[in-house]
Each structure stands twice: as C-alpha cells, then as structure tokens.
Amino acid sequence: MVVIKTVGVIGAGQMGCGISHVSALGGYDVLLHDVSADRIEAGLKLIEHNLGRQVARGLIGQDAMDAAMARIKPAAELQAIGATDLAIEAATEAEDVKKSIFKALTPHLAPQTLLASNTSSISITRLASATDRPEKFIGLHFMNPVPLMKLVEIIRGIATDAGTYEAAVNFARSLGKTTSNSEDFPAFIVNRVLVPMINEAIYTLYEGVGTVEAIDTAMKLGANHPMGPLELGDFIGLDTVLSIMNVLHEGLADSKYRPCPLLVKYVEAGWLGRKAGRGFYDYRGEVPVPTR
C-alpha cells in the first residue's frame, strides 16, 4: 500500500481549498494548482482566512495554523502535481473538464501516485478510463464546507484495487473524517438523496405551492433541517445542483430526476446562488431577500 506523505490538489476553488486546508492540518505537504497564479493566490488567502477563523474560535492554535500554511505550496504547472503521492482533482462538476485534467496530468505521474476525484456525481469508472492507472483511481467526495463536515464518501470504480481503497480510507480518517462507502452509481449516496429533494422544493415553488420563504421555513421547522432546501441550493450553487440532476436524469433514465424548468431558468440567468450574489435569495444587501 502506498504511504501518502504529499498531496496534490487541482482546483483552488471552495472545495480544493477546503481539501488543502484539512490535508495541511493533518500533517501532509500540499501542492495547490489552478489555471492561473491569481486563482492560486486567492485560494491561499481563503485558506489562511478560514484557518484564522478556527484559531479565533479556539478550535486550533496559532502554531497549528502557521504550520499548516507552511505546508501548502503553490504549483503553477499541472505537471508538478504528478510527483505527489495522492493527486486529488477538485475542478468544476463537468465530466469533460475533469477528463481533460486527468489526460493532461497522466504523462507526468510518478509510478506510485494515486489519483482521486472529488466529484459529487460523475462515474469514477468513466473518469478513471481517461488515465493510465484505473486500478489506482478512486472517488474521494468531501462535503462542503470541508473543514467543518465530517463525512467523506469513498467510491471505487470497477478497476480500483484493494490497496488504493485502503490508502484512501486511511487518508480520509487521518484527517479526522468518517468515511462511507458508495457504489459507483450516479450521484452516489448523499447527492442521490439530497439534490432531488432540493429539485422537488424548486418544483414546489415553480408550481405555486409555496413561496421561497414558506418552503424554507416549513422544512426548517417542520423537518428540523438546519437550512431550508432553497437556501441550501443557493449555498451549494444552482449550477452544481443542475449538473447533478442532469447526471441522475441521464444516468438512471427516470423522469423523477428531471430538472425543474425553474432551476434551468435561474442557471441560464446566471443566478447561481451565494457565489453569484443572487439565486433563490438576493445576497447583495445586508440581509438575504427572497427573489420570488
């Protein structure tokens, strides 16, 4: 079994930064890559900010923060990631983008390097087919926000070998995470259950059963959910919600997974949720205001 000491993270967005954050706190040396130096720099600032929040809350000490930041290095070139023991792709939830990354990375991989994708819905078997080592490929689906959420879904492709699986589980657990195993079916476990619920909430809005506020209040107080489904959709990103619904609809060929037309309309408008300033709520003022 490969001993993991160095971790390469591809993608300096929210998920990639979160994975880098917890990996560095866990004692791993981390290389962080994105398509531009500006994105990497912004990612490093986000990690520093989030570590600082943990220090302020007394969750970690300043020494732990300083040591973690010292372990994370920028990697301007994708090929640098190939020298790490575990390379984790955390790019946008689009199969063609992910496959292109793995195809570009493959020629630069060290013989022992394990590959993982943080995909929340796409087939691990298909992604592995874009590489030269499907037996060393696995799904490591971290939850958002990574530093706070305790779960990592582990998804084996059809060719993933036992050593890769054991190394992946040990890595996730070394970060203080709990693992759950999912078979390689569309959207795995969490999003197979969660995202259709959000889609159904959007249908409930679309059909005029309730307003944004009524639906979210009903689910928070009636089902004891910490966030309403429309608020949660905005937090995840409505483009990601739509991508996962499309994966479910295409992969399982069941009409119950049809994306709500209102979800499609919001994504077409660029109203993607919190990250865009507008979704089912408008976040541009001091207090979020429902947009419908």
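Residues numbered from 1 in each chain as written. Predicted model: local features only at pLDDT ≥ 70, side-chain atom pairs only at ≥ 80, totals over all residues. Heavy atoms only, no water.

Per an unreviewed UniProt entry, the protein is named 3-hydroxybutyryl-CoA dehydrogenase, and its organism is Phenylobacterium deserti. The annotation that UniProt attaches to the protein under Sequence similarities (unreviewed entry) is "Belongs to the 3-hydroxyacyl-CoA dehydrogenase family." (UniProt positions renumbered as here; feature names shortened; annotations may be inferred.)

Caption draft 1: The overall build of the protein, seen in detail. Of the regular secondary structure elements, the protein holds eleven helices and ten strands. What you see for the protein is a C-alpha radius of gyration of 19 Å, in line with the 19 Å of a compact globule of 292 residues. With the C-alpha coordinates of the protein rotated into their principal frame, the extents come out at 55 × 45 × 35 Å. Residue pairs at least 24 apart in sequence account for 64% of intrachain contacts in the protein once pairs closer than 6 positions are excluded. For the protein, the accessible area works out to roughly 13,500 Å², and carbon and sulfur atoms hold 54% of it. Side-chain charges of the protein comprise 27 positive and 32 negative groups, with the mean position of each set lying 1 Å from the other. (Helix = DSSP H or I, 4+ residues; strand = E, 2+ residues; numbered from the N terminus. Rg over C-alpha atoms; globule rule 2.2 N^0.38 Å. Contact = heavy atoms within 4.5 Å. Areas by Shrake-Rupley, 256 points an atom, 1.4 Å probe, with all protein chains shown as cover. Lys, Arg positive; Asp, Glu negative; His and termini not counted. Charge placed at Lys NZ, Arg CZ, Asp CG, Glu CD.)

Caption draft 2: Helix 7 (residues 190–206), seen in detail. For helix 7, built from 17 residues, the straight-helix expectation of 24 Å at 1.5 Å per residue is met to within 8% by its first-to-last C-alpha distance of 24 Å. By the burial criterion, the buried members of helix 7 are N191, V195, P196, I198, N199, A201, I202, Y203 and L205. Check the buried side of helix 7 and you find it contacts strand 6 (137–142), helix 8 (212–222), helix 9 (229–236), helix 10 (238–252) and helix 11 (261–269). Once helix 7 finishes, G208 follows within two positions and takes phi at roughly 80°, a positive value. (Expected span 1.5 Å × (residues − 1). Buried < 20%, exposed > 50% of the residue type's maximum accessible area, 1.4 Å probe, protein only.)

Caption draft 3: View of the packing of helix 7 against helix 11. Between helix 7 and helix 11, whose axes approach to 8 Å, the crossing angle comes to 95°. The angle between helix 7 and helix 11 places the two elements in the roughly perpendicular class. For the pair helix 7 and helix 11, the contacting residues are N199, I202, Y203, L205 and Y206 in the first and P261, L262 and L263 in the second. Taken together, the residues of the contact of helix 7 with helix 11 break down into seven nonpolar, one polar and no charged. (Axes fitted to C-alpha atoms, helices over the stretch in contact; angles between N-to-C directions. Parallel < 35°, antiparallel > 145°, perpendicular 65-115°, else oblique. Nonpolar A, V, L, I, M, F, W, Y, C, P; charged D, E, K, R; others polar.)

Caption draft 4: Representation of the pattern of salt bridges within the structure. Overall, the coordinates contain nine salt bridges when judged by the stated rule. Among the ionic pairs, K220 bridges to E231, the shortest N-O distance being 3.9 Å. Highlighted residues: K220 in helix 8 and E231 in helix 9, separated in sequence by eleven residues. For K220, a relative accessible area of 31% translates into the label partly exposed. With its nearest N and O atoms 2.9 Å apart, the salt bridge here joins D239 to K275. Here the residue D239 occupies a position in helix 10, and K275 occupies one in the loop between helix 11 and strand 9 (281–282), the gap between them amounting to 36 residues. Since its relative accessible area comes to 56%, K275 is described here as exposed. (Salt bridge = Lys/Arg side-chain N within 4 Å of Asp/Glu carboxyl O.)

Caption draft 5: Structural detail: the packing of helix 2 (residues 37–56) against helix 3 (residues 62–71). At a closest axis distance of 9 Å, the pairing of helix 2 and helix 3 adopts a crossing angle of 165°. Judged on the interaxial angle alone, helix 3 and helix 2 are roughly antiparallel. The interaxial crossing formed by helix 2 with helix 3 has right-handed handedness. Within the contact between the two elements, helix 2 uses L44, I47, E48, L51, G52 and V55 and helix 3 uses Q62, M65, A68 and M69. Of the residues in the contact of helix 2 with helix 3, the class split is seven nonpolar, two polar and one charged. (Left-handed = near helix turned anticlockwise from the far one by under 90°.)

Caption draft 6: Quick peek at the environment of T119. Structurally, T119 can be placed in the loop between strand 5 (114–117) and helix 5 (124–128). Among the polar contacts made by the side chain of T119, one reaches the side chain of E93 at a distance of 2.8 Å. A distance of 3.2 Å separates the side chain of T119 from the backbone nitrogen of S121, its partner in a polar contact. (Polar contact = N/O pair within 3.5 Å; in protein donor to acceptor, adjacent residues only side chain to side chain.)

Caption draft 7: Here's a closer look at the side chain of H21. In this structure, H21 sits in helix 1 (residues 14–25). Judged by relative accessible area, which is 1%, H21 ranks as buried. Among the polar contacts listed, one links the side chain of H21 to the side chain of Q54, at a separation of 2.7 Å. Residue contacts for H21: discarding those within four places in its chain leaves I47, N50, L51, Q54 and P147.

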